[in-house]
Amino acid sequence: MKCKEIITELASYLDEALDPSLRASIEQHLDKCKDCRIVVDTTQQTIHIFCNSEPAPLPQSTRQRLHEALAKHLRSIRA
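Everything quoted here is computed from the prediction, not taken from an experiment.

(A) Molecular detail of helix 3 (residues 20–32). Taking 1.5 Å per residue as the helical rise, helix 3 with its 13 residues ought to reach 18 Å, and the 19 Å between its terminal C-alpha atoms agrees with that figure. If you check which residues of helix 3 are buried, you get Ile26, His29 and Leu30. Looking down the long axis of helix 3, one finds its buried residues gathered within 100 degrees of arc, a one-sided arrangement. Away from its buried face by more than 90 degrees, helix 3 exposes Pro20, Ser21, Asp31 and Lys32. Where helix 3 is buried, its residues touch helix 1 (3–8), helix 2 (10–14) and helix 4 (34–51).

Reading the values: the criteria
- Residues numbered from 1 in each chain as written.
- Predicted model: local features only at pLDDT ≥ 70, side-chain atom pairs only at ≥ 80, totals over all residues.
- Heavy atoms only, no water.
- Helix = DSSP H or I, 4+ residues; strand = E, 2+ residues; numbered from the N terminus.
- Expected span 1.5 Å × (residues − 1).
- Buried < 20%, exposed > 50% of the residue type's maximum accessible area, 1.4 Å probe, protein only.
- Arc of directions from axis to C-beta.
- Contact = heavy atoms within 4.5 Å.

Encoded structure:
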């Protein structure tokens, strides 16, 4: 298995949504490839941090700009 294939299957690998033979091939590659192991570990840590964090409140000015942009977009769709 090549590094590019690992990246292509990364989401399915992390979601444990691969058939056992493909999962085994990826794990064999990860045992030998330090770069891909770093990518997998970093991605897992990022997901863990994101899932366990509280959302940050939007500043009022950002919230207002977002509402204006959405309203403008909706008006252009309706036109």
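More follows now that the structure is in view.
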